[in-house]
Amino acid sequence: MAVDILPERQVRSGLARVFPWVDTRKTWRAHQPGKLVDNPFMLTSMRFCKSLAISVLRGFFITLLWHATIALAASDGMLWKIQAADGPISYLFGTIHVDDARVATLTEPISTALETVQVFMMEVLPSNDVSPYYMKEGSLAQWLTSAELEQVYAAADFHGLPREMAVRMKPWLLAMVFDLPVSQSPYTLDAKLYLQAQKSGKRLQALESQQEHFATLENLAMDEQLLLLRSVLKRSQEQKKQDFELMISAYLSGDPEQVAAIDQTLSAEDIPAELWDRLRIDLLDKRNVRMAERIASAARQQSIFVAVGAAHLPGNDGLLARLRQMGFVVMPAGTEARAGYNLPIPVPE
């Protein structure tokens, strides 16, 4: 089937969403008809959109989709001060991974907090390894029906992804991309945070290795990945838009508990309960244990700014509660703390 020629700007934005360090101009040229190459990714540009471990399906997405940006209205709820006894003030920032203009602004409170610290930490640092994104052999053509493959082609065109590339991607990745609105920009807040930290001479550290970060997604069986992809393909763009608006509204509330609530609500609608329970444990609970330990270890020694998905913050097993249990004072960075979970917890004697 002939490949439609897509506008360059659309392709570049789509590629930048999927491959964070791609020089999308080179990739665009490489994917014009007759010029497809096996590995065109010149991983040199600053197209970092944080991690691609964004969950698939509405709820599975929202779990790891909390990776990207903040608006002024949300800064009090998503930016937190953390401090160990006699230790420096550090910051924990809950993000959401979208490039929507309503939440994709690096505001003054965020910039100021970042400038005051010594170390910038994010879930995973950029890597030249694109292997987590591709099937080791074959393509989706051998797994999908002709009708489903046409849906993949249509969604790839809609999101600015060359079809030849899309059919080689792992189903969990395509589900992640196809469940989002059209990319507005190759730059998310994560890219801006990373670049500002780098420009300011901050030390850059990862909370997880690439292997740790992708482990849950990589361990999904092919039938589970295809289930997720097919679920996304069945949904209309209008349905996806409505869920996206719910996600944005929850994030802009500045309340991590609302993030968790909408996460659970959307997750329960389509994904099988057994699969969701397993993914939730692996994506949130287990990773929160590891992240909290590494955040605490770093924050006792130096001032840090940590950017993680907002779904990692709330709940008894969330990072806020775990850091408090480790003796940290945890409170909103804003001047007004709402009642309840936002109040600072004294360091035990």
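Owing to the predicted nature of the structure, the values given are computational and were not obtained by experimental measurement. Numbers given to residues run from 1 along each chain, matching the order in which its sequence is written. Two thresholds apply to this predicted model, a pLDDT of at least 70 for residue-level local features and 80 or more for giving and counting side-chain atom pairs, whereas whole-chain, interface and lining totals are computed over all residues. Calculated side-chain values reflect all of the structure's heavy atoms, with hydrogen atoms and water omitted.

**Q** Mind showing me how you'd approach the overall build of the protein chain here?
**A** If you tally the helices and strands in the protein chain, you get 15 helices and 6 strands. For every residue, the accessible area obtained with a 1.4 Å probe (protein chains only) is divided by the maximum for its type, and the residue is called buried under 20%, exposed over 50%, and partly exposed between those limits. Taking all 349 residues of the protein chain together, 57% fall into the buried category. Long-range pairs, those at least 24 residues apart, make up 79% of the contacts in the protein chain with a sequence separation of at least 6. Residue burial considers only the protein chains on display, and all accessible areas are found by Shrake-Rupley using a 1.4 Å probe. Of the roughly 14300 Å² of accessible surface on the protein chain, a fraction of 52% belongs to carbon and sulfur atoms. Helix and strand labels come from DSSP, where a helix needs a run of H or I of at least four residues and a strand needs a run of E of at least two; each type is numbered from the N terminus. When checking whether two residues touch, look at their non-hydrogen atoms; a contact exists if any pair is within 4.5 Å.

**Q** For this particular structure, what's the right way to read helix H12 (residues 237-252)?
**A** Because an α-helix packs 3.6 residues into every turn, residues spaced three or four apart end up facing the same way. Helix span is expected to be 1.5 Å times the residue number reduced by one. The end-to-end C-alpha distance of H12, which contains 16 residues, comes to 22 Å, matching closely the 22 Å that a straight helix rising 1.5 Å per residue would cover. Every buried residue of H12 is accounted for by Lys-240, Asp-243, Phe-244, Met-247, Ile-248, Ala-250 and Tyr-251. The buried residues of H12 occupy an angular sector of 160° when projected down its axis, which confines them to one face. Phi for Gly-254, located one or two positions after H12, is positive at around 75°. Arc definition: directions from the helix axis to the C-beta atoms.

**Q** I would appreciate a short explanation of the environment of Gln-302 in the present structure.
**A** Summarising the element assignment, Gln-302 is placed in the loop between helix H14 (273-299) and strand S5 (304-309). In this structure, Gln-302 is in contact with Pro-88, Ser-90, Gln-118, Val-119, Arg-203 and Gln-205, ignoring residues within four places of it in sequence. Any pair of nitrogen or oxygen atoms within 3.5 Å is treated as a polar contact; in protein, a donor-acceptor pairing is required on top of that, and neighbouring residues in sequence qualify only through side-chain atoms on both sides. Here Arg-203 takes part through its side chain, which lies 2.3 Å from a polar atom of the side chain of Gln-302.

**Q** Explain unusual backbone geometry here, please?
**A** Negative phi values dominate among residues other than glycine, just as trans dominates among peptide bonds. Backbone geometry places Asp-86, a non-glycine residue, at a positive phi of 60°. The residue Asp-86 is located in the loop between strand S1 (79-83) and strand S2 (90-95) in this model.

**Q** Quick question: what am I supposed to make of the nonpolar core here?
**A** General note: in soluble globular proteins, nonpolar side chains tend to be found buried as a group. By size, the foremost hydrophobic cluster in this structure holds 63 residues, and its most contacted members are Phe-120, Leu-140, Leu-174, Phe-178 and Phe-305. A per-element tally of this core places helix H8 (residues 171-178) first, with 7 residues. Definition of nonpolar core: a set of buried residues of the types Ala, Val, Leu, Ile, Met, Phe, Trp, Tyr and Cys, connected through side-chain atoms within 4.5 Å. If you look at the next biggest cluster of nonpolar residues, it comprises 22 residues, including Ile-82, Met-121, Ile-295 and Leu-320.

**Q** Would you mind showing me how to read the environment of Glu-293 here?
**A** Turning to its location among the elements, Glu-293 is positioned in helix H14. Taking C-alpha positions, Glu-293 is 8.3 Å from Leu-323, a pair spaced 30 residues apart along the chain.

**Q** Could you clarify how one ought to interpret the side chain of Gln-225 in this entry?
**A** When you line up the elements, Gln-225 lands in helix H11 (residues 222-234). A residue is classified by how much of its surface remains accessible, and Gln-225, at 6% relative accessible area, is buried.

**Q** Could you clarify how one ought to interpret the packing of aromatic side chains in this entry?
**A** Two numbers describe a pair of aromatic rings. These are the distance of the centres and the angle of the planes. Two aromatic rings from Phe, Tyr or Trp, using only the six-membered ring of Trp, form a pair when their centres are within 6.5 Å; if the ring planes differ by under 30 degrees the pair is stacked, by over 60 it is edge-to-face, and anything between is tilted. On inspection of all chains with the given rule, the structure shows 4 aromatic pairs. Ring centres of Trp-172 and Phe-214 lie 6.2 Å apart, and the angle between their planes is 45°; on these two criteria the pair is classed as tilted. Taken together, the positions of Trp-172 in helix H8 and Phe-214 in helix H10 (residues 210-218) put the pair 42 residues apart, joining distant regions of the chain. A network of ring pairs unites the aromatic residues Phe-93, Phe-120 and Phe-305 as a single cluster.

**Q** How do you make sense of the environment of Met-247 when you look at a structure like this?
**A** Looking at where Met-247 falls in the secondary structure, it is placed in helix H12. Judged by its relative accessible area of 2%, Met-247 is buried. C-alpha of Met-247 to C-alpha of Leu-266: the two residues are 19 residues apart in sequence and 9.4 Å apart in space.

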